Amino acid sequence: MRDTRESRLLLVLLIAIAFALITVDIRGGEESPVDGARQVAASVFGPVENGVASAVNPVGNAIGAVRDSGSRHDRISALQQENAALKQKLGSDDRNRSRVRELDNMLNKAGAGQYGIKGAEVIAIGAAQGFSWTVTIDIGANDGIKRDMTVLNGDGLVGRVTTVGPNTATVLLANDPDFTVGTRMEKTDELGFATGQGDRPLSVQLLNGKAKVKKGDRLVTFGSSRDKPFVPGVPVGEVVRVDPSGGDLTRTLYVRPFVGFTKLDIVGVVVVAPREDPRDTVLPPKSKVRPTPTVTVTVTPSANASPNGESGLDTTGGVNASAGPTPSPNASGNADVNGTDTGSGDGTDQVDEQE
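Residues numbered from 1 in each chain as written. Predicted model: local features only at pLDDT ≥ 70, side-chain atom pairs only at ≥ 80, totals over all residues. Heavy atoms only, no water.

Trainee: Is there a simple way to think about the overall build of the chain in this case?
Mentor: Along its length, the chain carries two helices and 16 strands. When the accessible surface of the chain is totalled, it reaches about 22900 Å², and 55% of it is carbon and sulfur. (Helix = DSSP H or I, 4+ residues; strand = E, 2+ residues; numbered from the N terminus. Areas by Shrake-Rupley, 256 points an atom, 1.4 Å probe, with all protein chains shown as cover.)

Trainee: What is the right way to read the sheet that holds strand β11 (residues 251-257) from this model?
Mentor: Adjacent strands of a sheet pair through backbone hydrogen bonds, lying either parallel or antiparallel. One closed barrel accounts for six strands, arranged β6-β7-β8-β11-β10-β9; its pairing is antiparallel. When the angles between neighbouring strand axes are averaged without regard to direction, this sheet yields 45 degrees. Here strand β8 (residues 200-206) runs beside β11; their pairing, made up of five bridges, is antiparallel. Considered in β11, the bridge of leucine 206 is made with arginine 251. (Pairing = 2+ DSSP bridges. Axes fitted to C-alpha atoms, helices over the stretch in contact; angles between N-to-C directions.)

Trainee: Would you explain the pattern of salt bridges in this entry?
Mentor: Two side chains that carry opposite charge are able to pair once their charged atoms sit near each other. One pass over the full model with this rule turns up ten salt bridges. A salt bridge links arginine 218 to glutamate 186; the shortest N-O distance between them is 3.0 Å. One end of the pair, arginine 218, is in strand β9 (residues 218-221); the other, glutamate 186, is in the loop between β6 (180-185) and β7 (191-197), and 32 residues separate them in sequence. Among the residues examined, glutamate 186 registers a relative accessible area of 15% and is labelled buried. Residue aspartate 243 pairs with arginine 241 through a salt bridge whose shortest N-O separation is 3.0 Å. Arginine 241 sits in the partly exposed class, given a relative accessible area of 45%. In this structure, a network of salt bridges that share partners links the residues Arg184, Asp189, Arg279 and Asp280. (Salt bridge = Lys/Arg side-chain N within 4 Å of Asp/Glu carboxyl O. Buried < 20%, exposed > 50% of the residue type's maximum accessible area, 1.4 Å probe, protein only.)

Trainee: How do you make sense of the packing of aromatic side chains when you look at a structure like this?
Mentor: Two descriptors summarise a pair of aromatic rings, namely the distance from one centre to the other and the angle between the planes of the rings. Summed over the entire model, instances satisfying the criterion amount to one aromatic pair. Look at phenylalanine 179 and phenylalanine 230: their rings are 5.4 Å apart centre to centre, the planes differ by 70 degrees, and that puts the pair in the edge-to-face class. In this pair, phenylalanine 179 sits in the loop between β5 (169-173) and β6 while phenylalanine 230 sits in the loop between β9 and β10 (235-242), placing the two residues 51 residues apart along the sequence. (Phe/Tyr/Trp six-rings, centres within 6.5 Å; stacked < 30°, edge-to-face > 60°.)

Trainee: Would you explain the nonpolar core in this entry?
Mentor: Proteins that are soluble and globular tend to have nonpolar side chains buried together. Formed by 45 residues in total, the largest nonpolar core has its most connected members in Tyr115, Ile137, Leu157, Leu253 and Val269. Beyond its immediate chain neighbours, meaning those up to four positions away, valine 269 contacts Gly116, Ile117, Lys118, Ile137, Ile139, Ile145, Met149, Thr150, Val151 and Val161. (Core = buried A, V, L, I, M, F, W, Y, C linked by side-chain atoms within 4.5 Å. Contact = heavy atoms within 4.5 Å.)

Trainee: Any chance you could explain the sheet that holds strand β12 (residues 266-272) here in plain terms?
Mentor: Spatially, six strands are ordered β1-β2-β5-β4-β3-β12 in a closed barrel, and the strand pairing comes out antiparallel. Strand-to-strand twist in this sheet, taken as the mean axis angle between neighbours without regard to direction, amounts to 45 degrees. For strand β1 (residues 116-125) and β12, the ladder comprises six bridges, and the chain directions are antiparallel. Directly across from glycine 116, in β12, lies its bridge partner valine 272.

Trainee: In this structure, what is going on with the confidence of the model for the chain? I would like to understand it.
Mentor: Regions with low pLDDT carry predicted coordinates that are not meant to be interpreted in detail. Here the chain averages 75 in pLDDT, while 60% of its residues score no lower than 70. A low-confidence stretch, residues 305-355 (pLDDT under 50), is modelled with 66 contacts involving residues beyond four sequence positions or located in other chains. (pLDDT = per-residue confidence, 0-100.)

Trainee: So what exactly am I meant to see when it comes to the pairing of β10 here?
Mentor: Here is the key point about a regular strand: its side chains alternate between the two faces of the sheet. Bridging between β9 and β10 involves three bridges; their strand directions are antiparallel. Paired with arginine 218 across the strands is glutamate 238, a residue of β10. Two strands pair when backbone bridges link them, and β10 and β11 are joined in this way by five bridges, in the antiparallel orientation. Residue pairing in the sheet places arginine 241 in a bridge with tyrosine 254 of β11.

See below:
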């Protein structure tokens, strides 16, 4: 359309008519005189609007997604950082709780044995001195640590201090082949010497070759002269195997140490020895094992003969379960299938046969 005076007048006229219709429609409300025309226009142009919207909406959504992608990426990054921080905090809390338990157990051991200790943290494994089983702790001469001091944790004997620096010290672990400590058996007081064997149980040579030892017996440190390098009463381990004596002067035991040398964290160095030997007081109380019930089956012979002339046995006897020995039946002819002769008083089982 050309831009002429008539076209401009027509445009102004159409705009005026549109404003007039809008005013009439608003004032009319639900009874607007143009409501019918609106419905006709909706029915005509509605499908066209839907088609155009379905074609245009994906493009609009894509444009909106591109426009919002930056803020969404920033939000995802923030959430990922918060999640990582939360996981780190939870992991740290679990580790702190574990270390608190270790420290508590070690303090209980020190209190039971009346040991004066200085707590330390294992900061390195191995050392330049060439020991195969050593750790480095974060306290040294400035903390009052000296060579040949006993090192323990909440489980028992860890080792002894071998070298000391200003702020660190090296500990030779009890499972090192160069490590030897005097031991004493719980209750029996049998003496021996324990030697490390790496990741295998400790080897203990008892001085008494005829000593009575069984699996599960426990050992503690015997103690050294002037408590260097070992104080007495520190738990060492539990017997897992006993070699036959064979008439030798000594006897060899194999002892599983109480301490897990591959997972050391919090340890304590004994800086003040106990006034008296704590003996077995530092050992934890043994767990009581409940007796296993013994099952016995009793077969009672019957006096009723079978039709073929053989003696009849009543196999309906019950199955008795008890924690103690089964009482023997009376002399009426009961037979116990456990292999115990429970027949008549003359030592023979009696089974009556009737023809």
